[in-house]
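So the chains spell out like this:
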Amino acid sequence: MKQDTAINAPGVQTAGMEGAPRRIIDAALHEFAVRGIDATRIKDIITRADVSKQLFYYYFESKEELYRLALEKTADDAITDILSHDYDEGTAEDGLIAYFQYVFRQYMDIPVLAKFTTDQDNNLGAQISRRNKLRSLTPALVELVKHLIERGQRAGEFRDDIDVEFFYTSSLLMLRGCFVSSCTVGILAPSQVERSDWLLGWRDNCIAFTLNAIRHPDRHAEAAPEPAPTPCA
């Protein structure tokens, strides 16, 4: 799904870097979002940043180093933002809905997130080093989901036999699928995947499907929110 990248999109902060370094990072974020790491050339970055190749190498050793910096900063800001919200207001199900909505909103607002995701899938996580904050911060998201599920289990909202890590992974794969697998999704709805209302319909249906999978049997008898119109309609 093609989207224009906001150079200073939420979650992609370059505070503290001014002048040429900031222009280079901003230009790289744009190029990585549009082309991915493999297709992006240093020439593309320096042309957009309006700097010389010599100046690029003065600040950065390589395109790969710049990519790792951008990936870590983007992931750090995105995860930190998600963790900053209070998910304990209302029921545990309300908390999970809010969590899913925040995650989905980030993929809508920060197109480079989807490109980073597909790049790392294609490159087997080559740019995610052991010291990368993406590795150290991701368990905090799993713990957040675990906290909400356990709270829901104690309250009788959710089943007792939920594999938290499987739930976290499978729900995330489905939720962001319209961004990271847009070509596949586009086959089903070729004229819809760039419409925000269609994307929100995808989000709501994914959330409803996910919650129905873990809801306690006794809760299914209660009135549940009506699902959004199917995205493929």
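Everything below is about the structure shown above.
Residues numbered from 1 in each chain as written. Predicted model: local features only at pLDDT ≥ 70, side-chain atom pairs only at ≥ 80, totals over all residues. Heavy atoms only, no water.

A. Quick look at the side chain of Thr-210. Along the chain, the position of Thr-210 falls in helix 11 (residues 196-214). Among the residues examined, Thr-210 registers a relative accessible area of 7% and is labelled buried. Setting aside residues no more than four positions away along its own chain, Thr-210 makes contact with Phe-100, Phe-167, Ser-171 and Met-174. (Helix = DSSP H or I, 4+ residues; strand = E, 2+ residues; numbered from the N terminus. Buried < 20%, exposed > 50% of the residue type's maximum accessible area, 1.4 Å probe, protein only. Contact = heavy atoms within 4.5 Å.)

B. Main features of the side chain of Arg-203. Considering the arrangement of structural elements, one finds Arg-203 in helix 11. Here Arg-203 falls in the buried class, since its relative accessible area comes to 15%. For Arg-203, the side chain forms a polar contact with the side chain of Asp-204, separated by 2.9 Å. If we skip the residues at most four places from it in the chain, Arg-203 touches Gln-101, Phe-104 and Leu-175. (Polar contact = N/O pair within 3.5 Å; in protein donor to acceptor, adjacent residues only side chain to side chain.)

C. Focus on the pattern of salt bridges. The final tally for this structure, using the stated rule, is 12 salt bridges. Arg-215 serves as the salt-bridge partner of Glu-93, at 3.0 Å between the closest nitrogen and oxygen. Here Glu-93 is found in helix 5 (residues 92-109), whereas its partner Arg-215 is found in the loop between helix 11 and helix 12 (217-220), with 122 residues between them in sequence. With relative accessibility at 7%, the residue Arg-215 sits in the buried group. Overlapping salt bridges, with partners in common, bring together Glu-31, Arg-35, Arg-41, Asp-44 and Arg-48 in one network. (Salt bridge = Lys/Arg side-chain N within 4 Å of Asp/Glu carboxyl O.)

D. Local environment of helix 2 (residues 42-49). Buried residues of helix 2: Ile-42, Asp-44, Ile-45, Ile-46 and Ala-49, and no others. Among the structural elements, helix 1 (19-39), helix 3 (53-59) and helix 4 (63-83) are those in contact with the buried residues of helix 2. One or two steps after helix 2, the chain reaches Asp-50, where phi turns positive at roughly 60°.

E. Looking closely at unusual backbone geometry. With phi around 60°, Asp-50 is a residue other than glycine that occupies positive phi space. Tracing the backbone shows Asp-50 in the loop between helix 2 and helix 3.

F. View of the environment of Gly-95. Residue placement: Gly-95 occurs in helix 5. Between the alpha carbons of Gly-95 and Val-145 there is a distance of 9.0 Å; along the sequence they are 50 residues apart. Setting aside chain neighbours within four positions, we find Gly-95 in contact with Tyr-87 and Leu-148.

Interpretation note: all reported values are geometric properties and have no functional meaning in isolation.
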